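Residues per chain, in single letters:
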Amino acid sequence: MTTEELAYEALPGLGAAPLWRFYGNLFPAQPKSRAVPYRWSWQELRPLLLHFSQTLSLEEAERRVLMLVNPGLTDPPATVNTLYAGLQVILPGETAQAHRHTSNAFRYILEGSGAWTTVNGERVFMAPGDLLLTPGWHWHDHTHEGDAPMIWLDALDYPLVNALEAGFYEKFHQRLQPVTRADDAGSRQFLHGRLNPVWLSQDGPNSPVTRYTWQETQRSLEGIADTAAGSDVDGIVLEYTNPWTGGPVMPTIGCRVQRLRPGFQGAGRRHTASTIFNVVRGEGATIVDGVRLEWAEHDTFAVPGWASYRHLNASASDDAVLFSYSDEPVMRSLGLYRTEDADPGA
Ligand code: GTQ
């Protein structure tokens, strides 16, 4: 070995490495997500979820959830770089153990009625299209007293929280926590427009709205209807906001809902935020870095950070409605948010 080779060989044992051999990877000219564009099929996953609801009890599993794992992010499993999505089912008569974690979470309800989640002593009821927040370190357990399976999309930021090595978890000392607040207090006190209760004040970084009902969301979407052209990229797109700040619902996750008019062909765009979509209704496609993701009702799909994308509504007569969530609040608060026009091709 030459003295040069010996010098390189000595470095690892001394906890050192030559920067010039790593430079391009550490300081890329632009981000290249390990996540890939991907679509998870509701039609194919729903029967499997129902299958496991028959074979796996909630005594055996704390939650009965199929994780939506991005093929580029299998270890640890995640849906996009910073965020996770899962499909959870709970059957009539079942309860799911109370626990809390530092990860922020929410549920977006897909199917069923008669279930609620209790969040820090408040029962928050569920109906399709509702968005229910479970901010970090809030106790939460689920109960279902309806008569058909209840299915929702779970969202958590654990990929980010674990990357930051800030993950804590605790089980409640009983299966269910006691109810100490009025049912749906968070949404009843805050959701109705821009009228905030004056005797309350901001308490932490999260929205106090525990439940953004589909009824209210739909009213907003329909109220705008033909008064606005919306965005050429995203159509009529609305952000769920924290009424104290006007900002995102939680510090790490922003949620939106958008209406793509019949025949909508969006302009191409990219941004550093990673986004997960769920199809509320309609059929169409989103082209992501040249990959065409065809979607239909309740499908989930991933648009990785800095991937170029463009939405298409396949119907000439019906709206398509998409729910989505992203790590845009993280990117913005860290000064890392960038966006530009970009053609995804194909
Ligand atoms: O329902 O509390 O999909 O704690 C992952 C972790 C759901 C939940 C998930 C959780 C939950």
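Per an unreviewed UniProt entry, the protein carries the name Gentisate 1,2-dioxygenase and comes from Streptomyces clavifer.

Enquirer: I'm lost on the layout of surface pockets in this one. Help?
Expert: Space inside the largest pocket adds up to approximately 600 Å³. Forming the boundary of the largest pocket are 21 residues, of which P31, K32, T272, W306 and M331 lie nearest the centre. Partitioning the lining of the largest pocket into residue classes produces 9 nonpolar, 7 polar and 5 charged.

Enquirer: Quick question: what am I supposed to make of helix α6 (residues 214-224) here?
Expert: Residues lying three or four places apart along an α-helix face the same way, a consequence of the helix completing one turn every 3.6 residues. Here α6 has its buried residues at W214, E216, T217 and L221. End-on, the buried residues of α6 take up no more than an arc of 165°, which puts them together on one face. Across α6 from its buried face, at more than 90 degrees, point the exposed residues Q215, R219, E222 and G223. Where α6 is buried, its residues touch β5 (105-111), β12 (211-212), β13 (236-239), β14 (254-260), β16 (275-281) and β21 (320-326). Trailing α6 by a residue or two, A225 shows a phi angle of about 25°, which is positive.

Enquirer: I would appreciate a short explanation of unusual backbone geometry in the present structure.
Expert: What you tend to see is this: most non-glycine residues have negative phi, and most peptide bonds are trans. Omega for the bond connecting D75 with P76 falls within 30 degrees of zero, at -5°, which places this linkage in the cis form. With respect to the helices and strands, P76 occurs in the loop between β2 (65-67) and β3 (84-90). Residues other than glycine seldom take positive phi values, yet E165 does so here, at roughly 50°. Residue D184 is not a glycine yet carries a positive backbone phi of 55°.

Enquirer: Mind showing me how you'd approach the nonpolar core here?
Expert: For soluble globular proteins, nonpolar side chains are generally found buried alongside one another. F106, Y108, L131, Y240, C255, F323 and Y325 are the most contacted members of the largest nonpolar core, which has 39 residues in total. Excluding residues within four positions of it along the chain, F323 makes contact with F106, Y108, L131, Y240, C255, R256, V257, I276, F277, N278 and V280. Core analysis: the second largest hydrophobic core is formed by 14 residues, F277, F301, A307 and L322 among them.

Enquirer: Just checking my understanding: could you explain empty space enclosed by the protein for this structure?
Expert: One simple way to see leftover space: roll a probe sized like a water molecule over the atoms. Within this structure, the stated rule accounts for 1 cavity of 30 Å³ or more. Quantified by volume, the largest cavity comes out at close to 30 Å³. Around the largest cavity sit W40, S41, W42, L45, L68, L87, H298, D299 and T300, which together line it. Grouping the amino acids of the lining of the largest cavity by side-chain chemistry returns 5 nonpolar, 3 polar and 1 charged.

How each quantity is defined
Residues numbered from 1 in each chain as written. Predicted model: local features only at pLDDT ≥ 70, side-chain atom pairs only at ≥ 80, totals over all residues. Heavy atoms only, no water. 1 Å grid on protein atoms, 1.4 Å probe; cavity = no way out; pocket = protein on both sides within 12 Å on 5 of 7 lines; lining within 4 Å. Points joined across faces, edges and corners; volume = space filled by probe spheres on them. Nonpolar A, V, L, I, M, F, W, Y, C, P; charged D, E, K, R; others polar. Buried < 20%, exposed > 50% of the residue type's maximum accessible area, 1.4 Å probe, protein only. Helix = DSSP H or I, 4+ residues; strand = E, 2+ residues; numbered from the N terminus. Arc of directions from axis to C-beta. Contact = heavy atoms within 4.5 Å. Core = buried A, V, L, I, M, F, W, Y, C linked by side-chain atoms within 4.5 Å.

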